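What the coordinates show
Chain residues, written in single-letter form:
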Amino acid sequence: MSNLGFALEGAWKVLLAGLILGAGLPAIFALGIRSMAFGAGGDTEVDHAAPHPAGRVIAYVLFALVVLIALLGIVFIVASGFGKALSFEHIYPTIVDK
Amino acid sequence: MTETTVILVLVVITALGFDFTNGFHDTANAMATSIATGALRPKVAVALSGILNLIGAFLSVEVALTVSNAVVRIQNSDGTPKESLTSDGGTALLLIVLAGLVGSIVWNLLTWLLGLPSSSSHALFGGLIGATIAGLGWAGVNWNGDGSKLDGVVGKVILPALMSPVIAGVVAAVGTWIIYRVTVGVAARFTDNGFRWGQIGSASLVSLAHGTNDAQKTMGVITLALIASGEWTDTKNIPFWVKASCALAIALGTYLGGWRIIRTLGKGLVEIAPPQGMAAESASAAVILASSHLGFALSTTHVATGSILGSGVGKPGAQVRWRVAGRMVLAWLITLPSAAVVGALMWFIGDAIGGLAGALVIFLILLAAAGYMYWHSRKTPVDHNNVNDEWDETAERREPAGTAA
């Protein structure tokens, strides 16, 4: 296979991972923001009413999810730097030798 | 001290100098959007990015000795230098590396002066390629690999450079579009503050990834020079002082901040709002991490620029200054050949004079060029005070007579 073939093979994987993590996480985060504002006025609000507390709870759950996945990203960088890899074979992530 | 030792010291100083320029050239990749939207004050942003680069550089323990192997043939496959280049005590190889580094730094400084976010990796590879062609001829360069994996100048440098900005741009555009769809109608008091926090988080991730990716290139080059001159023999590890000094150099460079480039990326391309900033940095972080995991070498600069452009494309009604983008693409195209020309020129000068004197002369040329460009930059300083000033495109254009206010 030529370099172009290898590059295209790598490129679509990067694109896929990028879309899932790089666009998916911000989407979850945006849902959190939307949830945060649940019950409050829209972008033309005049009363500045307090949002519904349930929205806030859901928002924090969503933010926590984003932070958790981002932290896994950091662990991933560190682990691969030390010749380790992240494994999900126990469902929760564990650090294993490469 | 022998002549070789003195040349080695010059190589180490120059390599750390390159690492430093690598730092300030790339501060913008992570922090331009956060500075532009006011999520972080400029000084806080560069300090945070510097610290994360420092940490990131220490986390990169993978041996980066073979980093130059992908493009030039000055090493064996285990990372040791070719014997033919070390027969004279290593000066032949040291001269190639020194000339290459000078080419990289000169190009990095010139593009910084022009405020263009060019790739530091391309500058480094370009400089080394140029010096290698000068020293060893065309066959000294690994143009296309051997067809068994993504390799060579084409596979490791050119193709990723063409593809990565597009990938990052698509991801950022999709992310931006989704964010605006999801939060349509939500009051600004919720969106602006929330997305600023998201931006800070994603920009931090980019800084960390930058430290791990870029600092190790310089570590590899310095270790190669140490092995060539017989000061180090272990090809599996790098000396701790090399790691520490490279980490410090890139962190200090990042902290200094390439304000000119931050301004171009943060204000010049797109007027960035916090949701776009978050989408752009998340896209950059995801693409950089995914590709380093898959061994798809790319430049953080190309990714960051593609992401920011994408965030402009993805926001309904946003304006993208394609003229600025065009200037950047032009800079990307000529970075590798330009650094190569300077690298080759430096090798010819160094070789013609020969020995220690030759190395000293090209080192002095570097100092003179750097000093001149720094002096030139002081005429129109860009720093943390004016980095966010309104982007006035007419100021760059040749103004028709009579229209200047």
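Residues numbered from 1 in each chain as written. Chains lettered and ligands numbered in written order. Predicted model: local features only at pLDDT ≥ 70, side-chain atom pairs only at ≥ 80, totals over all residues. Heavy atoms only, no water.

Named according to an unreviewed UniProt entry, chain B is Phosphate transporter originating from Paractinoplanes pyxinae. Quoted verbatim from the Subcellular location (unreviewed entry) field of the UniProt record, the comment on chain B reads "Membrane". Checking UniProt for chain B, the heading Sequence similarities (unreviewed entry) contains the comment "Belongs to the inorganic phosphate transporter (PiT) (TC 2.A.20) family." (UniProt positions renumbered as here; feature names shortened; annotations may be inferred.)

Chain A goes by Transmembrane protein in an unreviewed UniProt entry, where it is assigned to Paractinoplanes pyxinae.

Considerations on the packing of aromatic side chains
One pass over the structure, following the stated rule, counts nine aromatic pairs over all chains. For the ring pair B:F20 and B:F24, a centre distance of 5.9 Å and an interplane angle of 70° mean the geometry is edge-to-face. With B:F20 and B:F24 both in helix α1 (residues 3–36), this residue pair falls four residues apart, about one helical turn. For B:F20, a relative accessible area of 29% gives the class partly exposed. Through a chain of ring-to-ring contacts, three or more aromatic side chains come together here, namely A:F29, A:Y60, A:F63 and B:F195. When the ring centre of B:W112 is taken as reference, the NZ or CZ atom of B:R260 above it lies at 5.5 Å. (Phe/Tyr/Trp six-rings, centres within 6.5 Å; stacked < 30°, edge-to-face > 60°. Helix = DSSP H or I, 4+ residues; strand = E, 2+ residues; numbered from the N terminus. Buried < 20%, exposed > 50% of the residue type's maximum accessible area, 1.4 Å probe, protein only. Lys NZ or Arg CZ within 6 Å of the ring centre and 35° of its normal.)

Points about the environment of B:Q319
All names here are of chain B. Its place among the elements puts Q319 in the loop between α11 (300–314) and α12 (322–353). For the pair Q319 and I272, spaced 47 residues apart in the sequence, the C-alpha separation amounts to 9.7 Å. In contact with Q319, not counting residues within four places along its chain, are L269, V270 and E271. (Contact = heavy atoms within 4.5 Å.)

What to know about helix α1 (residues 3–36) of chain A
Here α1(A) is 34 residues long and its end C-alpha atoms lie 48 Å apart, about the 50 Å a rise of 1.5 Å per residue gives. Taking the largest bend as the criterion, α1(A) deviates by roughly 30°, centred on A:G18. (Expected span 1.5 Å × (residues − 1). Bend = angle between axes of the 7 residues up to and from the residue.)

Re the interface of chain B and chain A
You'll often see interface size given as the accessible area lost when the parts meet. With 48 residues of chain B at the contact, the number on the chain A side is 43 residues. Taken over both partners, the interface formed by chain B and chain A buries close to 3600 Å², and the fraction arising from carbon and sulfur atoms is 78%. Connecting chain B to chain A are zero salt bridges. Summed over the shared surface of chain B and chain A, the result is two residue pairs in polar contact (both at pLDDT 80 or more). Here the side of chain B that touches chain A gets twelve residues from one element, more than from any other, and that element is helix α6 (residues 152–182) of chain B. Within the side of chain B that touches chain A, the residues separate by chemical class into 30 nonpolar, 14 polar and four charged. (Buried area = accessible area lost by both parts, 1.4 Å probe. Salt bridge = Lys/Arg side-chain N within 4 Å of Asp/Glu carboxyl O. Polar contact = N/O pair within 3.5 Å; in protein donor to acceptor, adjacent residues only side chain to side chain. Nonpolar A, V, L, I, M, F, W, Y, C, P; charged D, E, K, R; others polar.)

A look at the nonpolar core
Ranked by size, the top nonpolar core spans 112 residues in total, and within it B:V11, B:I74, B:L101, B:I262, B:L269, B:V287 and B:F296 carry the most contacts. Considering every element that reaches this core, the biggest residue donor is helix α4 (residues 91–113) of chain B, with 14 residues. If sequence neighbours within four positions are ignored, B:L101 has contacts with B:V11, B:T14, B:A15, B:F18, B:L124 and B:V221. With 17 residues, the next largest nonpolar core counts A:F63, B:I179, B:V182 and B:M278 among its residues. (Core = buried A, V, L, I, M, F, W, Y, C linked by side-chain atoms within 4.5 Å.)

Some details on empty space enclosed by the protein
All names here are of chain B. Applying the stated rule across the entire model yields one cavity of 30 Å³ or more. Estimates place the volume of the largest cavity at around 40 Å³. D26, T27, N29, A30, S49, N53, V206, S207, H210, T254 and T300 together form the lining of the largest cavity. Looking at which element gives the most residues to the lining of the largest cavity, the answer is α1, with four residues. Grouping the amino acids of the lining of the largest cavity by side-chain chemistry returns two nonpolar, eight polar and one charged. (1 Å grid on protein atoms, 1.4 Å probe; cavity = no way out; pocket = protein on both sides within 12 Å on 5 of 7 lines; lining within 4 Å. Points joined across faces, edges and corners; volume = space filled by probe spheres on them.)

Quick look at the packing of α1(B) against helix α13 (residues 355–377) of chain B
Residue and element names in this part refer to chain B. Between α1 and α13, the least distance of the axes is 9 Å, while the angle of their chain directions is 20°. One finds that α1 runs roughly parallel with respect to α13. For the pair α1 and α13, the crossing hand works out as left-handed. The segment α1 lies against α13, with E3, V6, I7, L10, I13 and T14 engaging G355, L356, A359, L360, F363 and L366. Each residue belonging to the contact of α1 with α13 can be placed in one class, and the counts come to nine nonpolar, two polar and one charged. (Axes fitted to C-alpha atoms, helices over the stretch in contact; angles between N-to-C directions. Parallel < 35°, antiparallel > 145°, perpendicular 65-115°, else oblique. Left-handed = near helix turned anticlockwise from the far one by under 90°.)

Here we look at the UniProt feature "transmembrane region" (unreviewed entry) in chain B
All names here are of chain B. Mapped onto this numbering, the UniProt entry gives "transmembrane region" (unreviewed entry) at residues 6–24, 45–72, 92–116, 123–141, 161–180, 329–349 and 355–375. As annotated, residues 123–141 has a helix share of 74% and a strand share of 0%, and its two end C-alpha atoms lie 15 Å apart. Secondary structure across residues 161–180 divides into 100% helix and 0% strand, with the first and last C-alpha atoms of the span separated by 29 Å.

Some remarks on the pattern of salt bridges
Residues and elements named next belong to chain B. Inspection of the entire model under this criterion finds three salt bridges over all chains. Its salt-bridge partner being E271, residue R321 comes within 3.2 Å of it at the nearest N-O pair. Of this pair, R321 sits in the loop between α11 and α12 while E271 sits in the loop between α9 (259–268) and α10 (274–294), and the two are 50 residues apart along the sequence. Judged by relative accessible area, R321 falls into the buried class, the value being 9%. When salt bridges with common partners are traced through the structure, they connect K267, E271 and R321 into a single cluster.

Comments concerning the layout of surface pockets
Here the second largest pocket defines a volume of roughly 930 Å³. Along the walls of the second largest pocket sit 36 residues, with A:L25, A:I69, A:A70, A:G73 and B:L205 positioned nearest its centre. Looking at the lining of the second largest pocket, the elements with two or more residues in it are α1, α2 (53–81) and β1 (84–87) of chain A together with α7 (188–228) and α10 of chain B. Ranked by the residues each element gives to the lining of the second largest pocket, the list is headed by α2(A), at ten residues. Its residues assigned to classes, the lining of the second largest pocket shows 27 nonpolar, eight polar and one charged.

Comments concerning the packing of α11(B) against α12(B)
Residue and element names in this part refer to chain B. Direction vectors running N to C along α11 and α12 enclose 160°, while the axes themselves pass 12 Å from each other. By the criterion of interaxial angle, the relationship of α11 to α12 is roughly antiparallel. Relative to α12, the crossing made by α11 is left-handed. For the pair α11 and α12, contact is made by T301, H302, T305, L309 and V313 and by W322, A325, M328 and W332, respectively. Classifying every residue of the contact of α11 with α12 by side-chain character gives six nonpolar, three polar and no charged.

Side note on the environment of B:L269
For B:L269, the position within the fold is in the loop between α9 and α10. Here the alpha-carbon distance between B:L269 and B:S291, two residues 22 residues apart in the chain, equals 25 Å.

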